[in-house]
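Okay, here's what each chain looks like letter by letter:
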Amino acid sequence: MSAKAISEQTGKEFLYKHICTSAAVQNRFRYASVTAETDWQRLTQEHPWLLTERLVIKPDQLIKRRGKLGLVGINLDLEGVKEWFKARVMRETTVGKAKGVLKNFLIEPFIPHTQEEEFYVCIYATREGDHVLFHHEGGVEVGDVDAKALRLLVAVDEKLGEEQVMEKLLTHVPDEKKQVLASFVVGLFKLYEDLYFTYLEINPIVVTKDGVYVLDMAAKIDATADFLCKAKWGDVEFPPPFGREAYPEEAYIADLDAKSGASLKLTLLNPCGRIWTMVAGGGASVVYSDTICDLGGVDELANYGEYSGAPSEQQTYDYAKTILSLMTREKHTQGKVLIIGGSIANFTNVAATFKGIVRAIKDFQCPLKEHEVTIFVRRGGPNYQEGLRVMGEIGKTTGIPIHVFGTETHMTAIVGMALGHRPIPNQPPMDAHTANFLLNASNSAATPATTRTASFSEPKTSSEFNPAKKSKADLPADKPTTLFRKQTKAIVWGMQTRAVQGMMDFDYVCSRDEPSVAAMVYPFTGDHKQKFYWGHKEILVPVYKNMADAVKKHPEVDVLISFASLRSAFDSTMESMQYPQIHTIAIIAEGIPEAHTRKIIKMADEKGVTIIGPATVGGIKPGCFKIGNTGGMLDNILASKLYRPGSVAYVSRSGGMSNELNNIISRTTDGVYEGVAIGGDRYPGSTFMDHVLRYQDTPGVKMIIVLGEIGGTEEYKICQGIREGRITKPVVCWCIGTCATMFASEVQFGHAGACANQASETAVAKNQALRDAGAYVPKSFDELGDVIKTVYDDLVANGTIVPAQEVPPPTVPMDYSWARELGLIRKPASFMTSICDERGQELIYAGMPITEVFKEEMGLGGVLGLLWFQRRLPRYACQFIEMCLMVTADHGPAVSGAHNTIVCARAGKDLISSLTSGLLTIGDRFGGALDAAAKQFSKAFDSGMLPMEFVNKMKKDGKLIMGIGHRVKSINNPDMRVQILKDFVKQNFPSTQLLDYALDVEKITTSKKPNLILNVDGFIGVAFVDLLRMCGGFTRDEADEFVEIGALNGIFVLGRSMGFIGHYLDQKRLKQGLYRHPWDDISYVLPEHMSM
């Protein structure tokens, strides 16, 4: 959502902080917020003026007309304020249809003034610009300001000046107050623009001899501008509409939404209700709510929400478990139903998102059965068959009644089933699986011939491009009627390889001669080429770093498909419109600030460029061209017959619902001629009427379908066009969002523009107006397909449409990755791993989530146990590992490894090179004795040799006993590292058989020479064998295998790496120069000179 209401306190804080005006704004920051928990003594310490001034108190909860409702306490002292507050706080109050509890109040100084000193000012945004309303009589009795106030439209990109304000708005204001008010209004407008307000009303604004007082204020800001205004806004809290509580679960989902590239929305309407929804898609979520309310379920509808934009499995799981948790808190006498619905997805992998929902259902299976929950599922889109299969399986395994339906079932049919209005079919017919029609049996790699003749009712069109007509100076350029042809070429902005491949597969199946994508633009890499498939063969598409190079080298391009992010879409779009060859731009990004969108629209109108979007999936012209992910994957393209033109054109706001229309139209008519999703924002780049008029002027289009929406007034232009005879083709129209008038409090639906600000913007009012104008309007979305079929059949009957003969479409090879996703093929993996998985929402070590690792305080030893041994080792074992790392970390600069590291560091090498040079010295003679010692002592002990026999055998074989002996330490000068480890092991290990054996060997060797002690390498080696064999976590074979594969040497390598890095950093810090070994420390023994 873009326009969000803020509290009066927040609005005034913004105004006092940032307004720039010569008018003296009084009482800056003199307000105090109070709730039932307020400490009044502390409050008066923070705001001492509360004790000395007369006061005003009012609720600050987005309540309109508080004065008329008796919700303002005026001219009270502090005690009077407390009494007034006490009588109302936490009391239920009815405002219109909404019932709510008064919780938050605002106290301000009372301003004595006369009626003549009260004025009204309001600024609000529209598509054309910002309207400034002013009335010289403000206050409670202001009345119908729309009819009474003077107004001034400040067009997009224009400035407001004081002279304009005085001339147009202040004609009825006393002369002595005009300058002050003009300065204030101009400053207010500048504030409104700078802080991205969409609505700002002050009633009354009081002007006295002392200056300007802002008494009551209501405001909305464009929440999508957060990335631009964060420094000025700070952390803004958006309160819920009056009558609806703010639930922590809503805040949790809002936080998930903010951290995700997907869209996740949740609004709780009635937590005790029995009908719960989990719907995919902003448009579809509204349609499901409409249908529930139409069938009498409004009082039992528990929530509104949607998930869309390809959320990950983890995000879907978090969303689903939140809803399941909420719906299993209170029982209902009739049980509960959960509707998991959605339109046909364009690019979301349905099976992947359903995995998250299935996980949540598994976790809540007992509460779901206890609360007698029945689940109804309907979905379509990429890999939906697998998703439905998995959902059906979980119903069978858990015993939860789950009824599953695909695209063969009308989208909202499951609502009637869930509410008992229609029977539940036992085995619904299933559409063909993706694999059944995508794999090509032919060996031909050539581009197939055209597979369907044009509709007999469709005239042949010229292949030449019909550019926009040149307009006269200062007048907007005309926009072309035909946006896409079979020769249309596009540039794709952004590295969206999946979308581009989808476009090329569509082109191929439509029998285009060449791919529609001429080039890509990606600013974050240099110019290069990207590989794609064209049918069976691979082709290269150029990728440019900037738009200028792309358009220069591809003059045939006239369409830009922009996948730029919400932060960069504005700049990249404005740049693209500087190139005259670009006639159509599709902006996919959602969340572009409205002020930016309006500037884009203004320039597009001046340049004659058609904008589709923002916040859209795009559009499609069957047989010619498709934008990005529109129409979904090839299975849906083929199932909905989008590879050839039909006779029906549509325009919709929702991308998901446009795909649903593709499905409905393909089942009830000869198919789609063209379809556009204009986007869900308040100000789409092109409007319903823009496209309806294009369709009216396109001979191949015989009937038009419009899927409108609550919010805005664009549909009334269609009414006018029908009445005036500008639109003569049959128009089938339905506006979604009819449920909004049934809710007690305002609900912001999934699309930013889906919110009615006045009665005429409601879906009910627009549907009636369209019906009265002569459009074909069904009674509900459920009947939309029936009405479309009736109109189409009439057109066929009277000869307007002559359906063409159907020919099977060409086939396109399925991508390997997608075939694997569908489970159609298998391939041995190149790598196998069993210790770590980074693919999910959370990193997993040997099956243990990273959060659990920290929660259990496993430490470094515990992590090493998971990654090296795939075990949760006992606490003492983890401690021992950490102690080994500590004692092996370093042994001074003289040892060979440290010496090498130092020499390398002083030669100017980097950290990794220096560390590697030290590590390469580790072997049997330095540091690598852990494994060898463990093997030698284990073999001797396991074979039953006595310690003396072992020593004698090694001497006889002429072999050193690994782990025995030290250059410096001896029996008389023991190594404290060994002593520390020995004390710990003896105290904590359950058994030390091999260590005891090694110590017996040490007694023999030290009797011969005092420095032949069990050194630290040997000690760690034998102690580790005892640990592996006796801790209870390993079999004998597993313990021996870890010794054999070198796990113990890893301890020394890991520990000593810390020391080597320390030496490297030490040399750099000391700024030591290149090392050269001194001559006097080298013995030169060259052979004497020999003559011939």
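Our structure's up above, just so we're on the same page.
Cut-offs and rules
Residues numbered from 1 in each chain as written. Predicted model: local features only at pLDDT ≥ 70, side-chain atom pairs only at ≥ 80, totals over all residues. Heavy atoms only, no water. Helix = DSSP H or I, 4+ residues; strand = E, 2+ residues; numbered from the N terminus. Buried < 20%, exposed > 50% of the residue type's maximum accessible area, 1.4 Å probe, protein only. Contact = heavy atoms within 4.5 Å. Areas by Shrake-Rupley, 256 points an atom, 1.4 Å probe, with all protein chains shown as cover. Lys, Arg positive; Asp, Glu negative; His and termini not counted. Charge placed at Lys NZ, Arg CZ, Asp CG, Glu CD. Pairing = 2+ DSSP bridges. Axes fitted to C-alpha atoms, helices over the stretch in contact; angles between N-to-C directions. Parallel < 35°, antiparallel > 145°, perpendicular 65-115°, else oblique. Nonpolar A, V, L, I, M, F, W, Y, C, P; charged D, E, K, R; others polar. Core = buried A, V, L, I, M, F, W, Y, C linked by side-chain atoms within 4.5 Å.

Novice: Where do I start with the overall build of the chain in this structure?
Specialist: Secondary structure assignment for the chain yields 38 helices and 35 strands. With the C-alpha coordinates of the chain rotated into their principal frame, the extents come out at 115 × 90 × 80 Å. Looking at the chain as a whole, 55% of its 1092 residues qualify as buried. Across the chain, the fraction of contacts at a sequence separation of at least 24, relative to all contacts at a separation of at least 6, is 73%. As displayed, the chain offers around 48,700 Å² of accessible surface, 53% of which is attributable to carbon and sulfur atoms. Counting 119 positive and 128 negative side-chain charges, the chain places the centres of these two groups 4 Å from one another.

Novice: I'm lost on the sheet that holds strand E27 (residues 619–621) in this one. Help?
Specialist: Backbone hydrogen bonds are what pair the strands of a sheet, in a parallel or an antiparallel way. In space, the 6 strands of this open sheet follow the order E28-E27-E30-E29-E31-E32, with mixed pairing throughout. Every interior strand has two partners, whereas the edge strands, strand E28 (625–626) and strand E32 (731–736), have only one. Inspection of the sheet shows E27 paired to strand E30 (residues 672–677) by 2 bridges, in the antiparallel sense. Note that in E30 the partner of Ile620 across the bridge is Gly675.

Novice: Please clarify how the sheet that holds strand E3 (residues 55–59) should be interpreted in this entry.
Specialist: As summarised here, the arrangement of the 4 strands in space is E2-E7-E3-E4, forming an open sheet in which the pairing is antiparallel. The open sheet has two edge strands, strand E2 (32–34) and strand E4 (73–76), and neither has a second partner. Averaged over all neighbouring strand pairs, the angle between strand axes comes to 25 degrees, with direction disregarded. Against the sheet, helix H1 (residues 8–18) makes contact with E2, E3 and strand E7 (105–109), and its axis sits at roughly 45 degrees relative to E7, the strand it touches most. Across the sheet, helix H3 (residues 78–88) lies against E2, E3, E4 and E7, angled at about 15 degrees from E3, the strand it touches most.

Novice: Looking at this structure, how should I read the packing of helix H18 (residues 569–576) against helix H19 (residues 594–607)?
Specialist: Each pair of packed helices gets described by two things: the angle between the helix axes and the distance between those axes. Here H18 crosses H19 at 5 degrees, and the two axes come no closer than 10 Å. As judged from the angle between their axes, H18 and H19 are roughly parallel. Facing H18, whose interface residues are Phe570, Thr573 and Met574, H19 presents His596, Lys599, Ile600 and Met603. Class assignment of the residues belonging to the contact of H18 with H19 gives a composition of 4 nonpolar, 2 polar and 1 charged.

Novice: I keep staring at the nonpolar core and nothing clicks. Help me out?
Specialist: Residues Ile561, Phe625, Met703, Ile705, Val706, Ile718 and Phe781 are the most contacted members of the largest nonpolar core, which totals 104 residues. Excluding residues within four positions of it along the chain, Ile561 makes contact with Ala490, Ile491, Val492, Trp493, Met503, Ala586, Phe625, Ile627 and Gly628. Counting 62 residues, the second-largest nonpolar core is a separate cluster that includes Leu930, Ile961, Leu1014 and Val1025.

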